Amino acid sequence: WAGTITVGLYQLEGSETGEEAAQVRTGGLQFFKVSSSEGEGGAEAEAEANQRELALRPAQVAGGANIVETGSGVFEIKWFHRRDLHTRSLAVAKACGEVSVHEVTLGFGGGDRPDRPTDSESDAFVVERERELCSASLTEGLEGVFCLCVDVAAPPQGVDSPPSKLAASTSDGRVHLLSCDAGTPDLRVALEWQAHDLEPWSVCFHAADPNLVYTGADDSFFQAWDCRQGGGGGAAVEVEAEAPGRRWVNRSAHGAGVCCVRTHRDREHLVATGSYDEHVRFWDVRMPRRPLAELCAGGGVWRMDWCERDPSLLVTAGMQGGCRVLRVE
């Protein structure tokens, strides 16, 4: 799976009928294999690393297309942490208000697997198998409410196949906790609560503690929720349990909506946030009154993530500033 990129697609299609516009949000998934034009080693190659050209090879699906249809626009995708040599699963947040879990097997022509290097342009990169394992509607009976974000908790250490915990947010301000059992393809909403008054664009499990959830929204609030505690700051919605206890909230550090929250897998107290105010901020969550540092990214910071191979690198995607790689010491 090294060098494989998955892209979520969103297309707004509409036709005006009278005074109202009937809009449909369609989408799908695309898979690419990445290769770069490596030069010679040494300082010169390192200095020119940003000039390397990346070649993207789209995976073909049945019928010769290169898009796996999802039936609705995709706002976000997250890989499950359990890895298989041939097959992996991912969670999808959809515009129709659903979270779905998909199982994907990729390979090269002739039955080879995606972990096998290939030098031949004739080797077809294909989706050998794709299926939706399960889904859950978070907005049943609600009009115009979307599922905006999804995250998958890291499994506890020493446990081979625990039920996966998912968190998702919807555009009415609610946050939802779900459970997905690998043995039985079932996605169940365990808890949901009113976390924000405006759209929560980000929900994120703490990398070391799946009971701790961070959220960020258009109200500029950055919040931490402890799912082991009840009755603190949020209101439970249609569930037979108390809302999680709000551990803390920062209302003033961000000059606009909080688009993204990402915790660090090795430095358990380090969290990064991205905002519409064009800044990336770094936090010690033990002292959430003010960030440790911040820098301007040249555009609203829509999404970001820590690099798996080098945890000192943070990759950001900005609205005007483009994609950037930041080294965090």
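Residues numbered from 1 in each chain as written. Predicted model: local features only at pLDDT ≥ 70, side-chain atom pairs only at ≥ 80, totals over all residues. Heavy atoms only, no water.

A. Highlighting the overall build of the protein chain. When helices and strands are counted, the protein chain shows one helix and 24 strands. Residues classed as buried in the protein chain amount to 45% of the 329 residues present. Pairs at least 24 residues apart make up 49% of the contacts formed inside the protein chain by residues separated by at least 6 positions. For the protein chain, the accessible surface area stands at approximately 16700 Å², while carbon and sulfur atoms represent 46% of it. (Helix = DSSP H or I, 4+ residues; strand = E, 2+ residues; numbered from the N terminus. Buried < 20%, exposed > 50% of the residue type's maximum accessible area, 1.4 Å probe, protein only. Contact = heavy atoms within 4.5 Å. Areas by Shrake-Rupley, 256 points an atom, 1.4 Å probe, with all protein chains shown as cover.)

B. Local environment of the sheet that holds strand 24 (residues 323-327). The antiparallel open sheet is built from three strands, whose spatial order is 22-23-24. The outermost strands of the open sheet, each flanked by one partner alone, are strand 22 (301-306) and strand 24. Sheet twist, expressed as the mean angle between neighbouring strand axes with direction ignored, is 25°. The sheet contact formed by strand 23 (residues 313-318) and strand 24 spans five bridges and is antiparallel. If you follow Thr316 over to strand 24, its bridge partner there is Arg324. (Pairing = 2+ DSSP bridges. Axes fitted to C-alpha atoms, helices over the stretch in contact; angles between N-to-C directions.)

C. Representation of the packing of aromatic side chains within the structure. Scanning the model with the defined rule gives eleven aromatic pairs in all. Considering the side-chain rings of Phe222 and Trp248, the 5.0 Å spacing of their centres and the 80° angle between planes classify their relative orientation as edge-to-face. A residue pair is termed long-range when its members are at least 10 positions apart, and Phe222 in strand 15 (residues 222-230) and Trp248 in strand 17 (residues 244-250) qualify at 26 residues. Taken as a pair, Phe222 and Trp248 share a single burial class, namely buried. Aromatic pair Phe282 and Trp306: ring centres 6.5 Å apart, planes at 50°, arrangement tilted. Highlighted residues: Phe282 in strand 20 (residues 279-284) and Trp306 in strand 22, separated in sequence by 24 residues. The pair Phe282 / Trp306 is uniform in exposure class, with both members buried. Of the aromatic side chains, those joined through ring pairs into one cluster are Tyr10, Phe75, Phe146, Trp201, Tyr276 and Trp302. Of note, Arg251 hangs over the ring of Phe221, and the distance from its end group to the ring centre comes to 5.3 Å. Across the ring face of Trp302, the terminal group of Arg303 is positioned such that the distance to the ring centre comes to 5.2 Å. (Phe/Tyr/Trp six-rings, centres within 6.5 Å; stacked < 30°, edge-to-face > 60°. Lys NZ or Arg CZ within 6 Å of the ring centre and 35° of its normal.)

D. How the structure looks around the pattern of salt bridges. Taken as a whole and assessed by the stated rule, the structure comprises 19 salt bridges. Two residues, Lys78 and Glu76, come together in a salt bridge whose shortest N-O distance is 3.7 Å. Lys78 sits in the buried class, given a relative accessible area of 14%. For Glu76, a relative accessible area of 9% gives the class buried. Residues joined in a network through salt bridges with shared partners are Glu76, Lys78, Asp151, Arg262, Arg303 and Asp305. (Salt bridge = Lys/Arg side-chain N within 4 Å of Asp/Glu carboxyl O.)

E. Geometry of the side chain of Arg281. In this structure, Arg281 sits in strand 20. For Arg281, a relative accessible area of 4% gives the class buried. For Arg281, the side chain forms a polar contact with the main-chain oxygen of Ala253, separated by 3.2 Å. If sequence neighbours within four positions are ignored, Arg281 has contacts with Ala253, His254, Gly255, Val271, Ala272, Thr273, Ser275, Pro291, Ala293 and Glu294. (Polar contact = N/O pair within 3.5 Å; in protein donor to acceptor, adjacent residues only side chain to side chain.)

F. Seen up close, the sheet that holds strand 7 (residues 98-108). Taking strand neighbours across the sheet as the criterion, the four strands line up as 5-6-7-8 in an open arrangement whose pairing is antiparallel. The open sheet has two edge strands with one neighbour each: strand 5 (74-79) and strand 8 (125-137). Within the sheet, the average angular offset between the axes of one strand and its neighbour, ignoring direction, is 25°. With five bridges connecting them, strand 5 and strand 6 (residues 87-94) associate as antiparallel partners. In the sheet register, Glu76 faces strand 6, and the bridge partner there is Ala93.

Functional significance is not addressed by these values, which are geometric in nature.
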